[in-house]
Amino acid sequence: MQSQIETAYTPEWESPPDDIVIRARDLWKTYEMGAVQVHALCGVSFDIKRGEYVAIMGPSGSGKSTLMNLIGCLDTPTRGRYWLNGKLVSELTDDELAYIRNKEIGFVFQTFNLLPRASALHNVELPLIYNGTPAAERAERAREALRMVELADRMDHKPNELSGGQRQRVAVARALVNHPCILLADEPTGNLDTATGVEIMNLFDRLHHSGNTIVLVTHEHDIAARAHRIIHIRDGRIDRDEATR
Amino acid sequence: MEVLNSAQALPQPRRASTAEYLNAWVTAREAFWLALETLRAHRLRSFLTLLGVVIATTTLIVVMSVINGMNLYIANHVANLGANTFVLSQFKWAQGEQAWLKARRRNRPIRISDYEFLKRNLTGYKVLGATASMETGTVIRYGGQILYDVSVTGVTPSMEDIGEDQPESGRYISASDYQHASLVCFIGQDIVSHFFPTLDPLGREILVNGTPFRVVGVAKTIGTVFGQSEDNFVQIPLTTFRRIFMARPSIDVSIQAWSAAQMPPLEDEVRTLMRVRRHIPYQQSDTFGINASDTIMTLWKQLTGSIFAVTIAIVAVFMVVGGIVIMNIMLATVTERTHEIGIRKSLGARRRDILTQFVIESMVMAASGGALGVLLSLLISRLVNLVFTSSVPVSAIVVGVGLSAAVGLFFGIYPARKAAQLDPIEALRMEM
Ligand SMILES: Nc1ncnc2c1ncn2[C@@H]1O[C@H](COP(=O)(O)OP(=O)(O)OP(=O)(O)O)[C@@H](O)[C@H]1O
Ligand SMILES: [Mg+2]
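Please read these numbers as outputs of a predicted model, since none were measured by experiment.

Colleague: Before we go on, may I ask you to explain the domain arrangement of chain B in this structure?
Modeller: Interfaces are often described in size by the accessible area the parts lose on coming together. Taken domain by domain, chain B holds domain 1 (27–75 + 299–429) and domain 2 (108–287). Look at where the C-alpha atoms of domain 1 of chain B and domain 2 of chain B centre, and you get two points 52 Å apart.

What follows is the structure, encoded as structure tokens:
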């Protein structure tokens, strides 16, 4: 795969073909720490096809989260280009990135990142608020998403009235409510015990089965083994990119 | 697996039109409810924050209400001496302190003879009337009951056509009463409610400073002005007044013109006649006062003008202080809720959405301070009404709440901009 990318390098500054959801070319992320420059990513390039199930692995501090934030349009690369769904997003403005985050990306965080004072339903509604969906449709779609993660009976609970696994499922419902083209998860099981982690991973498996493209970061090999492809990162570079099945 | 069917049914993201996406209304409404929620969650903190705005609004509305109330009084009572009527009296009613001190030395009372002189020499008036009053030191009795300090006024029968005192039952002082200096009286509603709560007062005798007077008429209710009842009076014929109480009273002469246009020439005529009668050299000022409603209106407008200027200064100071406090608390709120802002941004909130959220929050906060001020001023206005006069105009409520909201908007922009400009990653990293 790696070699494929390299041979096709030069002409691919143009828009990628339709089945490529993500195309990254020579992504750099450099943090200026006073006089010192920290290279969190040093020239990362890869493609992810529609419907793929990808795990990103690597030691702590290798740049996995940095990469995920770039893919998720939460951050912009210092250098390099990135296409999402055929659109060059590495040069968009803040508000355009917000639009992409809202419509094209579902992000699941290790720490859930739910609004503590809002109910599960309202948390799931949030992305819909920011694309102006009317209230009635919003509630309907949020309920549907919560049903999908089997939390129909917990809609009115606040996050602190839910278990860790349930919270993460609310977060997954929120990520899916706008029907994004890609689901990103940065260590989604990192804050969960093993059994709950398995529950969440089963949910991801099902979501992949039903046609979602998934990229997740994990430390654990048996979780990564569920994916169809594992990208290993070390010191901000792609170390290995292997298919598992 | 069937739970996932819905996701399969919509594999392609539904593309929202730009117009739909730009629809700020949904986020604004959301922000509004969120703001109310936040206010409720931090009731005490919000109240303390809003104190400045509350005081400013209260001050503004109370002052506006008192002025409004006094305006109504002026309009209803002073300005309404009777249509096209002016009053000749010893002093000019509304004038500066200096002028009044001077007038007190120079001016001489108007006497019955002056009234009769005018009646003989004045041409073209509609009605001429005279009154003499005892405001204090009067004692009215009926049965075992006593009323003190009732206004006892001697009147000419013509006053019925000029003043406000219209009979509700019975009749006014008649020409015959006047001629015969009869012991009859025309009483106000306060006297009725004190002495005759259940009886018909007509034909009964009350004692005015010991002299019995027969009630021939009862006036319609007039109401209170500056907390003073205007219904607390006994009117008797002026001739009787002179016979029993005061042989040579100082009187007021009321002159009614045929039309508003006729007022100035008629005033001039009265002035000229009086100056001739009193032999006032032409370079000296009048030794009497001619009072028309515009005399009072002019002074009143000057007075309210300066009251307003002071009020606006006070309100401005409080509003600015209140606004700065709000700005401060909003800055704290933004810091406190950085993580929330990060979450919202990660889900697609644009700068403008965050800006709207916090500006609306600040406006709702300030406006509820304004609303509290309105409530408080309604309460104060009621209390004021017990001893003075006050009437809350609707415009004051609108101005009060609107002004506070504007202050919230102005002072909310800076904190909201700070919130809007936060970087999503850094904001997310801030744990609560
Ligand atoms: N805001 C920042 N400022 C400076 N350096 C940063 C910043 N964010 C990340 N880094 C650096 O970039 C490198 C990669 O960080 P990143 O968070 O991507 O690691 P990671 O692979 O996700 O690690 P972990 O598995 O522990 O989550 C680290 O060396 C880190 O110190
Ligand atoms: Mg990480």
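Colleague: Whenever I open this one, the packing of aromatic side chains confuses me. Can you help?
Modeller: The way to describe two aromatic rings as a pair is by their centre distance and the angle between their planes. Residue and element names in this part refer to chain B. Taken as a whole and judged by the stated rule, the model has 10 aromatic pairs over all chains. On the numbers, 5.4 Å between centres and 75 degrees between planes, the contact of F32 with W33 is edge-to-face. Under the relative-accessibility criterion, F32 is labelled partly exposed at 35%. Taking the centre distance of 5.1 Å and the plane angle of 85 degrees together, the rings of F410 and F411 count as edge-to-face. In this structure F411 comes out as buried when scored by relative accessible area, which is 13%. Grouping aromatic residues by their ring pairs yields a cluster made of Y142, F195 and F196. Above the ring of F117, the side-chain terminus of R277 is found at 4.7 Å from the ring centroid.

Colleague: Sorry if this is basic, but what is going on with the sheet that holds strand β3 (residues 53–57) of chain A here?
Modeller: Strand pairs in the sheet, formed through backbone hydrogen bonds, run parallel or antiparallel to each other. Residue and element names in this part refer to chain A. Strand order in this open sheet of six strands is β6-β7-β8-β3-β9-β10, and the pairing throughout is mixed. Each of the sheet's edge strands pairs with one partner strand only, and the pair in question is β6 (105–108) and β10 (237–243). For this sheet, the mean angle separating the axes of adjacent strands, direction not counted, is 15 degrees. Strand direction decides the pairing type here: strand β9 (residues 229–234) and β10, joined by six bridges, are antiparallel. Following the sheet pairing, I230 is matched in β10 by E242. Of the strands in this sheet, β3, β6, β7 (182–186) and β8 (214–217) are in contact with helix α7 (residues 194–209), which crosses β8 at around 155 degrees.

Colleague: What is the right way to read the site of ligand 1 from this model?
Modeller: With respect to spatial proximity, 14 residues lie near ligand 1, and among them S60(A), G61(A), K64(A), S65(A) and T66(A) are the closest. Around ligand 1, the nearby residues trace back to chains A and B. Separating an oxygen atom of ligand 1 from a side-chain N or O atom of S60(A) is a distance of 2.5 Å. Taking S65(A), its side chain carries an N or O atom lying 2.7 Å from an oxygen atom of ligand 1.

What counts and how
- Residues numbered from 1 in each chain as written.
- Chains lettered and ligands numbered in written order.
- Predicted model: local features only at pLDDT ≥ 70, side-chain atom pairs only at ≥ 80, totals over all residues.
- Heavy atoms only, no water.
- Domains from an automatic or database assignment.
- Phe/Tyr/Trp six-rings, centres within 6.5 Å; stacked < 30°, edge-to-face > 60°.
- Buried < 20%, exposed > 50% of the residue type's maximum accessible area, 1.4 Å probe, protein only.
- Lys NZ or Arg CZ within 6 Å of the ring centre and 35° of its normal.
- Pairing = 2+ DSSP bridges.
- Helix = DSSP H or I, 4+ residues; strand = E, 2+ residues; numbered from the N terminus.
- Axes fitted to C-alpha atoms, helices over the stretch in contact; angles between N-to-C directions.
- Contact = heavy atoms within 4.5 Å.
- Near = heavy atom within 4 Å.
- Polar contact = N/O pair within 3.5 Å; in protein donor to acceptor, adjacent residues only side chain to side chain.

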